[in-house]
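If you want the building blocks of each chain, they are given just below.
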Amino acid sequence: MVMMMLKGNEATAYAAKIAKVQVIPAYPITPSTLFPEKVSELIANGEMKAEFIPVESEHSALSAAIGAAATGARTMTATASQGLALMHEVLFIASGMRLPIVMAIGNRALSAPVNIWAEQQDTIAQRDSGWLQFYAENNQEALDLTLIAFRVAEDERVLLPAMMGMDAFVLTHTMEPVDVPDDKLVEKFLGPPKPKYPILDPTKPATFGAFVFPEHYMEFRYSQFVAMEHSKKVIDEAFNEFKELFGREYKKVTGFMNEDAEILLVTMGSMTGTAREAVRKLREKGEKVGLIKLTVFRPFPKEELIEITKNAKIIAVVDRNISVGFAGAIFTELAASYNNIKEKPKILDFILGLGGRDIRLEDYYEIYNKAKESLNKEVKEINWINVDEEAVYEVEGPL
Amino acid sequence: MNFENQEFFAPGHRACAGCAAPIIVKWVLKLAGPNTIVVNATGCLEVFSTPYPHTSWRLPWIHVAFENASAVASGIDAALKAQGKREGVNIIVFGGDGGTSDIGLQSLSGMAERGHDILYVMYDNEAYMNTGIQRSSSTPFGAWTTTSQVGPFNILGKNEFKKPIAEIMAAHKIPYVATVNPAFLSDMKMKIAKALEIKGPKFIHAISSCTTGWRHDPSKTIEIMRLATETGIFPLWEIENGDFSKMRLTYIPKQRKPVEEYFKPQGRFRHLFQDPEKIKEIQKMVDEWWAKFENKN
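Residues numbered from 1 in each chain as written. Chains lettered and ligands numbered in written order. Predicted model: local features only at pLDDT ≥ 70, side-chain atom pairs only at ≥ 80, totals over all residues.

Enquirer: Teacher, can you tell me more about the overall build of chain A here?
Expert: Per the secondary structure count, chain A includes 14 helices and 16 strands. Scaling as 2.2 N^0.38, a compact globule of 399 residues should have a C-alpha radius of gyration of about 21 Å, and chain A matches this with 21 Å. If one aligns the C-alpha atoms of chain A with their principal axes, the spans along those axes are about 70 × 55 × 45 Å. Relative to its 399 residues, chain A shows a buried fraction of 54%. Partitioning the intrachain contacts of chain A with sequence separation of at least 6 by distance along the chain shows that 79% fall at a separation of at least 24. (Helix = DSSP H or I, 4+ residues; strand = E, 2+ residues; numbered from the N terminus. Rg over C-alpha atoms; globule rule 2.2 N^0.38 Å. Buried ≥ 20, exposed ≤ 12 C-beta atoms within 10 Å, placed from the backbone. Contact = placed C-beta atoms within 7 Å.)

Put into structure tokens, the structure is as follows:
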């Protein structure tokens, strides 16, 4: 184990190194550019043994990753925003072919207008692509969750690709002390890079990506569904093994001051740190507030979320994404999780921090106050926080 | 080792009668042998050869999408290297003209520029045949397709010239680029065998008749493709390391046949005969090409 001062992108590059990743096709895009740079540097100075492919687009990055993983190599790439959107088509093919590729994402807003700062819309927009999705709160988590992503993705009961999201700049470009585990311990956790699935091998010819008719296609999709369901258990096992080997504890859903809370905030990613501070301050004033952090978004941890939130009066979901025409994704999925449960908390959605707008303590106080207000009176279900509503109404007309 | 007596592309696939693509594929694989991994861009070949749960491929084969076969092959190259298994394995990509000259041009260019040891074989049937005969950048000047329709306001069909994809690939200064025609089997075999011997990116442009899209009798495939070269419309040549000054014509017809002999049996050119001036125009373009290159050889 070595303590290093690392930016988020460097933490994931070191994760690739200690996981003994063999092939890294990558295309630079802000804010994940430092990943291919660091990989190139680690290879150039002999610290890392891997084949780096400086591809000509993100589409090709993931396509090359599919070729590499289908040939049995442990494979990783990184991207963000427009790059992830360009990969959209290929994401479904990676999961459909059941290839355990891991991808680090610098979560960034999508154009237009162009914006390079933090938002989780890019990965949320890919939630139906059949990839597991992990979200890091800090750079230590970025490194750890990348290792865990490999452990789960490569498990024979899963064999699905995984993305690990970290917020643009807040994590990707910010230095934090990170414990980089020892290679040997990592090998104990992950096993050597040996494929546990059929590969492109001239001694055992097989056809990958055949043309499948309606009489067989649905079973392929149902297989993915079942594998994703199985991953729920495998993720818990991986978290437990990780704790035993490395001492750090992860859960799909982590509570903070939530035991007797009437109002619960639900957060995901780097916004959680500020939320924790807000909860602490509010508790000092005697407010019964708590916090739930989401680390895994796919598979959606429905059971754990219901268990940990069911006794609250209000759940205030904080979404750093928006499905225009409805609501934020965490709100939608949490509300759907409660669909068949009679006694349930009121669930409200708060959209904030889009395009890298700072998420401040006062934003959480505002969220808390609105949520508290809703105990006695009707409040809006979908609330935009720290946005100049009047300026928008002037152009678009009032809502 | 010679594998010419072995079949790596099994019969019983669903190609149309008279399709030239299987002829090209089968010969490439015979020359490559069993130590080969095949990547296929989306197109007729992928569809007719892998109707699940059947496959014609007796070699490891992968299809990912339309525009990215070269990138997939790049990943395979890297993975074999990383695992110490690269030695002796051929990586061969098959793409149609759409997957090569159009939607796949970027990833092909990237693969060539990075210098991967991959043989790319384009089977050029000169339109998007898989979706039903739509024009591609490789459709020849004057050809009818379902998106270059012929009518009083568009008498030519396609008004634009065929994209010179093999020249574009040669301009990448890759070690080997050649045009081949299955109707000239020994020339095609010689070039494929040569390409397989060379390390680095290789590009082979194979003309590939589509009886459905070219609108000709399925029994005439070889005859018509032979005419493509004997009229000088599809010349056979090779260029090494992008040195255009040393471009070598591998077949020079003693007497080039008039272009209308190639056009006549094909429904896609039928409208040209209403306006003989257009045929003369095409003949002139062909003659000019030969005047420029024939003397060099």
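Enquirer: What should I look at first to understand the overall build of chain B in this one?
Expert: Scanning chain B for helices and strands turns up 11 helices and 8 strands. Taken against the 2.2 N^0.38 rule, which gives 19 Å for 297 residues, the C-alpha radius of gyration of chain B at 19 Å falls within 12% of a compact globule. Seen through its principal axes, chain B has C-alpha atoms that stretch 60 × 45 × 35 Å. The burial tally for chain B puts 52% of its 297 residues in the buried class. Residue pairs in contact within chain B that sit at least 24 positions apart in sequence constitute 69% of those at least 6 positions apart.

Enquirer: Teacher, can you tell me more about the domain arrangement of chain A here?
Expert: All names here are of chain A. According to the domain assignment, chain A contains domain 1 (2–246) and domain 2 (253–396). Between the C-alpha centres of domain 1 and domain 2 the distance comes to 28 Å. Opposite the 28 residues of domain 1 that make contact, domain 2 presents 19 residues. Breaking the side of domain 1 that touches domain 2 down by element, the ones donating at least two residues are α6 (121–124), β6 (132–135), β7 (162–167) and α9 (214–246). At 5 residues, the largest contribution of residues to the side of domain 1 that touches domain 2 is made by α9. (Domains from an automatic or database assignment.)

Enquirer: Can you help me understand the interface of chain A and chain B in this one?
Expert: Note on interface size: it is often stated as the accessible area lost on association of the parts. With 37 residues of chain A at the interface, the matching set in chain B holds 36 residues. Contributing elements (two or more residues each) for the side of chain A that touches chain B: β2 (23–25), β3 (51–53), α3 (58–70), α5 (88–96) and β9 (207–208) of chain A. No other element matches the 9 residues that α3(A) contributes to the side of chain A that touches chain B. Looking at chain direction, β9(A) and strand β2 (residues 61–63) of chain B are connected through 2 bridges and run parallel. What sits directly across from T207(A), in β2(B), is W61(B). (Pairing = 2+ DSSP bridges.)

Enquirer: Would you explain the sheet that holds strand β14 (residues 314–319) of chain A in this entry?
Expert: Backbone hydrogen bonds are what pair the strands of a sheet, in a parallel or an antiparallel way. Residue and element names in this part refer to chain A. Ordered in space as β10-β12-β11-β14-β15-β16, the 6 strands form an open sheet in which the pairing is mixed. Since the sheet does not close on itself, it has two edges, and those belong to β10 (253–256) and β16 (382–384), each with one partner. Adjacent strand axes in the sheet meet at a mean angle of 25° when their direction is disregarded. Two elements, strand β15 (residues 346–351) and β16, share 3 bridges in a ladder whose sense is parallel. Its bridge partner lying in β16, F350 is registered against N383. Helix-sheet contacts for helix α11 (residues 302–309) involve β10, β11 (263–268), β12 (289–294) and β14, and the interaxial angle to β10 is about 15°. (Axes fitted to C-alpha atoms, helices over the stretch in contact; angles between N-to-C directions.)

Enquirer: Sorry, what's going on with unusual backbone geometry here?
Expert: The step from T30(A) to P31(A) runs through a cis peptide bond, and the omega angle for that step is 5°. With respect to the helices and strands, P31(A) occurs in the loop between β2 and α2 (34–44). The phi angle at K173(B) is positive, at roughly 60°, despite the residue not being glycine. Here K173(B) lies in the loop between α6 (165–170) and β5 (176–180). K173(B) gets classed as partly exposed once you count the C-beta atoms within 10 Å, which come to 15. Even without being glycine, R215(B) reaches a positive phi, approximately 60°. Mapped onto the elements, R215(B) comes out in the loop between α8 (211–214) and α9 (221–230).

Enquirer: Please explain the confidence of the model for chain A as it appears in this structure.
Expert: Regions with low pLDDT should not have their predicted coordinates read in detail. Taken as a whole, chain A shows an average pLDDT of 98; of its residues, 100% reach a score of 70 or greater. When the elements of chain A are averaged for pLDDT, strand β1 (residues 2–6) of chain A gives the smallest value, 96, and β6(A) the largest, 99. (pLDDT = per-residue confidence, 0-100.)

Enquirer: What exactly am I supposed to notice about the packing of α3(A) against α5(A) here?
Expert: Pairs of packed helices are described in terms of their axes, by the angle between the two and the distance that separates them. Residue and element names in this part refer to chain A. Contact geometry for α3 and α5: axes closest at 9 Å, N-to-C directions at 15°. In terms of orientation, α3 and α5 fall into the roughly parallel class. The hand of the α3/α5 crossing is left-handed. Judged by residue contacts, H59, L62, S63 and I66 of α3 engage V90, L91, I93 and A94 from α5. Here the residues of the contact of α3 with α5 are counted per class, giving 6 nonpolar, 2 polar and no charged. (Parallel < 35°, antiparallel > 145°, perpendicular 65-115°, else oblique. Left-handed = near helix turned anticlockwise from the far one by under 90°. Nonpolar A, V, L, I, M, F, W, Y, C, P; charged D, E, K, R; others polar.)

Enquirer: Hey, could you run me through the nonpolar core in this one?
Expert: Buried together is how nonpolar side chains tend to be arranged in soluble globular proteins. Core analysis: the biggest nonpolar cluster contains 220 residues, and I66(A), A149(A), A162(A), M164(A), A316(A), V317(A) and V121(B) have the highest contact counts within it. Mapped onto the domain boundaries, this core takes at least three residues apiece from domain 1 (2–246) and domain 2 (253–396) of chain A. The contact partners of M164(A), leaving out residues within four places of it in the chain, are V102(A), A104(A), I105(A), F134(A), A136(A), A142(A), L145(A), T146(A) and A149(A). (Core = buried A, V, L, I, M, F, W, Y, C linked by C-beta atoms within 7 Å.)

Enquirer: Would you mind showing me how to read α9(A) here?
Expert: Residue and element names in this part refer to chain A. With 33 residues, α9 extends 46 Å from end C-alpha to end C-alpha; this agrees with the ideal 48 Å at 1.5 Å per step. The axis of α9 is deflected most strongly, by about 30°, at K232. Among the residues of α9, A227, S231, V234, I235, A238, F239 and F242 are the ones counted as buried. Where α9 is buried, its residues meet β6, α7 (139–153), α8 (183–190) and β13 (296–298). (Expected span 1.5 Å × (residues − 1). Bend = angle between axes of the 7 residues up to and from the residue.)

Enquirer: Which parts of the structure should I look at to understand helix α1 (residues 8–18) of chain A?
Expert: Residues that lie three or four places apart on an α-helix share one face, since the helix turns once every 3.6 residues. All names here are of chain A. Counting buried positions over the 11 residues of α1 gives 11, a clear majority of the element. Turning to α1, its buried residues number three or more, namely G8, N9, E10, A11, T12, A13, Y14, A15, A16, K17 and I18. Immediately beyond the C-terminal end of α1, within one or two residues, lies K20, with a positive phi of roughly 55°.

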